[in-house]
Each structure stands twice: as structure tokens, then as C-alpha cells.
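Structural features, examined
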Amino acid sequence: MKRLLPRVLAPAILAAVTTTIGGQPAVAMEPLTATGLIEACKSHAIDPQDSGATTCRAFIQGYLSASTEIIAAEDRPSLFVARAIRTRTGRLSAETEQKISSRYCLPRAETINALIAKVAGLAPPETEGATAESVMLTVFENHYRCEDVIGK
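Residues numbered from 1 in each chain as written. Predicted model: local features only at pLDDT ≥ 70, side-chain atom pairs only at ≥ 80, totals over all residues. Heavy atoms only, no water.

**Brief notes about the overall build of the chain**
Spelled out, the test is: Put simply, DSSP H or I for four residues or longer makes a helix, DSSP E for two residues or longer makes a strand, and each gets a number counted from the N terminus. Only protein chains enter the accessibility calculation, which uses a 1.4 Å probe. A residue is then buried if its area is under 20% of the maximum for its type, exposed if over 50%, and partly exposed in between. Contact between two residues is taken to exist if any of their heavy atoms lie within 4.5 Å; hydrogens are not considered. In these tables, accessible area is a Shrake-Rupley quantity obtained with a 1.4 Å probe, and a residue counts as shielded only by the protein chains included in the view.
Per the secondary structure count, the chain includes 8 helices and 2 strands. Scanning the chain from its N terminus toward the C terminus, one meets helices and strands in the order α-α-α-β-α-α-β-α-α-α. In the chain, which comprises 152 residues, the proportion classed as buried is 26%. The long-range fraction of contacts in the chain, counting pairs at least 24 apart against all pairs at least 6 apart in sequence, stands at 73%. For the chain, the exposed surface amounts to about 10,200 Å²; the carbon and sulfur share of it is 59%.

**Here we look at the state of the cysteines**
Put simply, the rule reads: By definition, disulfides here are pairs of cysteine sulfur atoms that lie within 2.5 Å.
The final tally for this structure, using the stated rule, is 2 disulfides. One disulfide in the model links Cys105 with Cys146; its S-S distance is 1.9 Å. Between Cys105 and Cys146, the disulfide has an S-S torsion of 95° and is therefore right-handed. Taken together, the positions of Cys105 in strand S2 (residues 104-106) and Cys146 in helix H8 (residues 146-151) put the pair 41 residues apart, joining distant regions of the chain.

**Comments concerning the packing of helix H2 (residues 34-46) against helix H3 (residues 51-66)**
We count it as follows: Only the stretch in contact is used when fitting a helix axis, every axis being a line fitted to C-alpha atoms; angles between N-to-C directions are given from 0 to 180 degrees. For any pair of crossing helices, the crossing counts as left-handed if the nearer helix is rotated counterclockwise from the farther one by less than a right angle, and right-handed if it is rotated clockwise. Lys, Arg, Asp and Glu make up the charged group, whereas Ala, Val, Leu, Ile, Met, Phe, Trp, Tyr, Cys and Pro make up the nonpolar group; the residues left over, Gly among them, are polar.
With their axes 7 Å apart at the nearest point, H2 and H3 run at an angle of 115° to one another. The handedness of the crossing between H2 and H3 is left-handed. Judged by residue contacts, Leu37, Ala40, Cys41, Ser43 and His44 of H2 engage Gly52, Ala53, Thr55, Cys56, Arg57, Phe59 and Ile60 from H3. Of the residues that constitute the contact of H2 with H3, the class distribution is 7 nonpolar, 4 polar and 1 charged.

See below:
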């Protein structure tokens, strides 16, 4: 019985410790919802140092870093240049192919605050299970499609 007690209590103690480290409850590990992201970005306009504002900023920066479909508008070669490279070398590098096929182009002059304002300006989705990623996709579809950005 004495040996069994540490085996039973150890997971419970570990769970209690991990939920209180840094004052963050275990729910902090739940995925961010669309409504949660929009509300967090709205709080950024009120107080950029607020925890919601920090959540908004961190999510957007992480989304930008993780996405393979978003590039700087200036880094996307024109279709003419891509065709010229293909005809001269026969093949594009994987990096160049990715740049050409990227769906969204973010102008270098665009700031994180402008992205936050666009997210905050969205109406919360009616779908209860909507994700924060779907909010970002909506913003990029509405404002940053390469065809629209480069064509301007």
C-alpha cells in the first residue's frame, strides 16, 4: 500500500503544479476560438498592454510565422520572371515555386496594428465552433490575396 500511494498521488500533484505554474490555468492550453481572437483584438485598441491584446498580437505573429501561403508582396516574382526562369533553367527552386504559388501577399508597409484592427473589425461568427484560424483566413481572403495586392 505504501508503494502504491506515490504512484497514485504523483500524477495528481503534477497536474496541480502544472495548472498553477506562472498563474496560468490549464485552460490556457485550449485552442483560441474565433470569438476569443476577435475580442482579444478589440481589447488591443483599448489597452495594448492588456493580456487579451497580448493574446491577439501573439496569435497573429504566430499565424504569420507558421503560414506557408503568406509572403511579402515584394518577394513574389512576377509571372513573367517565373516563366523566364523556367524557360532558361527548366526548373524553379522549391523556394521560388512556393513564392509563386503563395495565395496571400502582405505588403511590407503593413503593420501588425493594421492586421489587429482588421481582425477586431470583424463580426463574431455565428458558428459556435469557429476557430481563430478561420478569422485570419477571412482577413487574408478579404484584404491580401496576391492578385489584388500586386495588382494595386
